[in-house]
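Take a look at the letters that make up each chain.
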Amino acid sequence: PETTEPDNIPDEFQNHVFLEMKDSGRCDELVGTVIVTVILVDDSEAKWSSSDKNTLSSSLEDQAKVLESSAAKYGKKLDISFSYISVSYSAKIMSGDDPESWQNTIAVSAGFSSLNKMQTELDNSNGADANPVAFALNKGGRAYASWATSTSRTERMTIFSSDLTSFSHELCHLFGAQD
């Protein structure tokens, strides 16, 4: 049988926490072409200014370069790029809100018929190996990742401007890494 273990991983990292949940979600492995759709959410509490958008973009690009460089050390090709969609949401998003509910509303506002259809359209539109979605809120909060489930097949994360460095951490969760 074909092994799913990564090549060129040093022995001391074979049981690393990043590899424990490999292949758990739809995003199989963090290699190849990954196009992250970043949905900039303006809610009733916080909006994205041009300056804020530039800060976010720079941070995500920097983190992508680090991940790409790390993959190259193991002889793996990784190319992470971003597409951006701006969406207004009339309510205030609170940390305790059901993310699938407000994220579905945001997906519809972005022109998709649902959160699930958004993932299907992204998967079919660009030929990338993986198409995770990042909902970006310009406020404080704790970032989190949501794997595909039986009700939502969308691999997505929510990140906050108060801690943009969490992007790479949450992206790794979508590809199977545990805390």
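The structure this text deals with has already been given above.
Residues numbered from 1 in each chain as written. Predicted model: local features only at pLDDT ≥ 70, side-chain atom pairs only at ≥ 80, totals over all residues. Heavy atoms only, no water.

### Some thoughts on helix H4 (residues 115–125)
Each turn of an α-helix holds 3.6 residues, which means side chains three or four residues apart point in the same direction.
Okay, step 1: Listing the buried residues of H4 in full gives Leu115, Met118, Gln119 and Leu122. Buried residues of H4 fall within an arc of 95° about the axis and therefore sit on the same side.
Okay, step 2: In this structure, the buried side of H4 is in contact with strand S1 (32–42), helix H3 (99–109), strand S3 (133–137) and strand S5 (156–160).
Okay, step 3: In the stretch just after H4, Gly127 is the one whose phi turns positive, near 70°. (Buried < 20%, exposed > 50% of the residue type's maximum accessible area, 1.4 Å probe, protein only. Helix = DSSP H or I, 4+ residues; strand = E, 2+ residues; numbered from the N terminus. Arc of directions from axis to C-beta. Contact = heavy atoms within 4.5 Å.)

### Quick look at the sheet that holds strand S2 (residues 78–88)
Okay, step 1: Judged by pairing direction, the sheet is mixed, and its 5 strands sit side by side in the order S2-S1-S3-S5-S4 without closing on themselves. Edge positions in the sheet fall to S2 and strand S4 (144–146), since each of these pairs with one other strand and no more. Here the average twist between neighbouring strands, direction ignored, is 20°.
Okay, step 2: Direction of pairing for S1 relative to S2: parallel, over a ladder of 11 bridges. Bridged to Val36 within S2 is Phe82.
Okay, step 3: Strands S1, S2, S3 and S5 of the sheet are contacted by helix H2 (residues 50–73), whose axis makes an angle of about 160° with S2. (Pairing = 2+ DSSP bridges. Axes fitted to C-alpha atoms, helices over the stretch in contact; angles between N-to-C directions.)

### Considering the nonpolar core
Okay, step 1: In this structure, Val34, Val36, Val38, Leu56, Ile80, Phe82 and Leu171 are the most contacted members of the largest nonpolar core, which totals 27 residues.
Okay, step 2: For this core, the elements supplying multiple residues, two or more each, are S1, H2, S2, S3, S5 and helix H5 (166–174).
Okay, step 3: A per-element tally of this core places H2 first, with 5 residues.
Okay, step 4: Ile39, Ile93, Ile106 and Phe135 belong to the second-largest nonpolar core, a separate cluster that totals 16 residues. (Core = buried A, V, L, I, M, F, W, Y, C linked by side-chain atoms within 4.5 Å.)

### Details of the packing of aromatic side chains
Okay, step 1: Enumeration according to the criterion identifies 3 aromatic pairs in this entry.
Okay, step 2: Pairing Trp102 with Phe135 gives two aromatic rings, centres 5.6 Å apart and planes at 75°, and the pair type is edge-to-face. Highlighted residues: Trp102 in helix H3 and Phe135 in strand S3, separated in sequence by 33 residues.
Okay, step 3: With relative accessibility at 3%, the residue Trp102 sits in the buried group.
Okay, step 4: An aromatic cluster is present here, built from Phe82, Tyr84 and Phe167 joined pairwise through their rings. (Phe/Tyr/Trp six-rings, centres within 6.5 Å; stacked < 30°, edge-to-face > 60°.)

### Notes on the pairing of S5
Okay, step 1: Counting buried residues along S5, 5 of its 5 residues qualify, which places the element largely inside the surrounding structure.
Okay, step 2: The pairing of S3 with S5 spans 5 bridges and is classified as parallel. Bridge pairing in S5 links Ala136 to Ile159.
Okay, step 3: For S4 and S5, the ladder comprises 3 bridges, and the chain directions are antiparallel. Bridge pairing in S5 links Tyr144 to Thr158.

### Quick notes on the side chain of Arg156
Okay, step 1: Secondary-structure assignment places Arg156 in strand S5.
Okay, step 2: Of the polar contacts made by the side chain of Arg156, one reaches the side chain of Gln103; its length is 2.4 Å. (Polar contact = N/O pair within 3.5 Å; in protein donor to acceptor, adjacent residues only side chain to side chain.)

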